[in-house]
Each structure stands twice: as structure tokens, then as C-alpha cells.
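Below are the chains, spelled out letter by letter.
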Amino acid sequence: MRRAASLALAIAAAAPAFSAEISSEYTELDARRDCAVVLTGGEGDEGDWGVSVCPGWRGYPVLSGFAFGRLFANYGFPAGEIETLIQDSFGPPHGVSPKIEWRIRTEGEITRPFAVIRRWTIAAFDGAAEMQVLAVSRVGQPNGSAGCLTGYVMASGNPQANEQARVMADTQVEAFDCASGTPMVLPKGVGLPIYRQN
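Residues numbered from 1 in each chain as written. Predicted model: local features only at pLDDT ≥ 70, side-chain atom pairs only at ≥ 80, totals over all residues. Heavy atoms only, no water.

Caption draft 1: Geometry of the pattern of salt bridges. Following the criterion strictly, the structure yields 6 salt bridges and no others. Arg 166 is the salt-bridge partner of Glu 101, the closest N and O atoms lying 2.7 Å from each other. Taken together, the residues span a long stretch of sequence, with Glu 101 in strand S8 (residues 99–107) and Arg 166 in helix H4 (residues 161–172) at a distance of 65 residues. Accessibility expressed as a relative area gives 6% for Glu 101, which makes it buried. The structure contains a network of salt bridges with shared partners spanning Glu 101, Glu 163 and Arg 166. (Salt bridge = Lys/Arg side-chain N within 4 Å of Asp/Glu carboxyl O. Helix = DSSP H or I, 4+ residues; strand = E, 2+ residues; numbered from the N terminus. Buried < 20%, exposed > 50% of the residue type's maximum accessible area, 1.4 Å probe, protein only.)

Caption draft 2: Focus on the side chain of Ser 137. Note that Ser 137 resides in strand S10 (residues 131–138). What makes Ser 137 buried here is its relative accessible area of 3%. With near-sequence residues (within four places) excluded, Ser 137 lies in contact with Tyr 75, Phe 114, Ala 115, Val 116, Cys 148, Leu 149, Thr 150 and Val 173. (Contact = heavy atoms within 4.5 Å.)

Caption draft 3: Region of the structure containing the state of the cysteines. Tallying each qualifying case throughout the model produces 2 disulfides. Residue pairing for Cys 35: its cysteine sulfur links by disulfide to Cys 54, the two sulfurs lying 2.0 Å apart. Judged by the sign of its S-S torsion, about 110°, the cystine formed by Cys 35 and Cys 54 is right-handed. Taken as a pair, Cys 35 in the loop between helix H2 (31–34) and strand S2 (36–40) and Cys 54 in strand S3 (residues 49–57) lie far apart in primary sequence, 19 residues in all. Sulfur-sulfur distance for the disulfide between Cys 148 and Cys 178 comes to 1.9 Å. Of note, the bridge from Cys 148 to Cys 178 carries an S-S torsion of about -75° and is left-handed in sense. In this pair, Cys 148 is assigned in strand S11 (residues 148–154) and Cys 178 in the loop between H4 and strand S12 (184–186), connecting sequence segments 30 residues apart. A single burial state applies to Cys 148 and to Cys 178, both of which are buried. The disulfide pattern of the chain is 1-2, 3-4 when the bonded cysteines are numbered in sequence order. (Disulfide = S-S within 2.5 Å.)

Caption draft 4: Just the environment of Arg 112, in detail. Residue position: Arg 112 is located in strand S9 (residues 110–122). Relative accessible area serves as the criterion here: at 25%, Arg 112 is assigned to the partly exposed category. Placed 54 residues apart in sequence, Arg 112 and Arg 58 show a C-alpha to C-alpha distance of 9.1 Å. Those residues in contact with Arg 112, other than ones at most four positions away along the chain, are Trp 57, Tyr 60, Arg 103, Ile 104, Arg 105, Gln 141 and Glu 174. A polar contact is formed between the side chain of Arg 112 and the side chain of Glu 174, at a distance of 2.9 Å. (Polar contact = N/O pair within 3.5 Å; in protein donor to acceptor, adjacent residues only side chain to side chain.)

Caption draft 5: Layout of H4. The terminal C-alpha atoms of H4, which comprises 12 residues, lie 16 Å apart, in line with the 16 Å expected from a rise of 1.5 Å per residue. On its buried side, H4 packs onto S8, S9, S10, S11 and S12. (Expected span 1.5 Å × (residues − 1).)

Encoded structure:
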């Protein structure tokens, strides 16, 4: 009995202890070259809209949408109807960078992206100057965990924006409730022309 207990302790001591490592990897998206249109507005629908599926990081897809002059994005495996995932955008005219930063967690042999950081440009509106914003999103997982937009970091005039977005991604994204949560905005008090498709 003692020998068995000693053997178990020896095996436990010899087993490697894995600690999670977080890093960034980047992809570039060319919508015309890389994406496939999977949904479009049909006859009788109001307005011009569509959804495309694009390659992301190692098989994790990017869903890109447009509707009523606005762009939308969702990352990872969809957990519901595709139309319901394309919801968050901006009111004034805007554009999105083709460069996507994926926050990657590695634990032993398991490597998966859990968050995305992507830069958006919002045109000048109502007397406000053009602004750069980093949108932080949770990545949908194969187990059904939904992806959604979780927060924004004002990048214009903010030299710490990239680091702030990474901290937001690493500490808050996975605990965010996509069904009922309200995306955080940093710095606090900054007004962004956020639009949410109902």
C-alpha cells in the first residue's frame, strides 16, 4: 500500500506542470479574395445586406457582414443563426482594418484563440474628428461557447491603446455574457457612436 502511494507521488512529481501562455498572432483578410458570400438579402427584404465566411486563424472562421451601410464582424465558430451574430457596428461611415490580432492561449498541447483585437476607423461626424477604435471580441469555440463583441478602446490620441486592448482581452473577454452584457469602453466616459442591430 505504501509502495503504491509512493509510486503515485513519484508519478505526480514527474508529470509536467503546464502553465497557460498567452501570445498574439496576426492574420490579414482580403474580403474579395478570401471570403465566400453565404447569405444575402432576398426578394422582399428591406435594404441591401449580406454575410460572408472568411478564413481566420488555423480553421477558426471570420464572419463578415454588411447591412444598411454598416459593417459587422464576428469571430470563431457560430453558436446560433448567422444573422443574429452580426450585430455590433458604428453609426457614422466607417471602415475596418484587414489586419486581425488573435490572442492565443497555449496550455500543454492545447492551443486556441480566445479573443480578437481589430482596428476600426470612424469618419468625422457631428463636429467630431475622425477616430480610431480598437474593438475587442470573444472568439466562438467549437464547444458552442458564443463569440461576440465585448469592448472598445479609443486608439486616437492614446499611445497605450494596444496594450489596454490586450489587457481587456486577457482579463475580461471569457467572463463576458454575450446574451446580456454591455461592451466596456475605455477610457471611461468616452462617447462612441455605437450601433447595435436588433
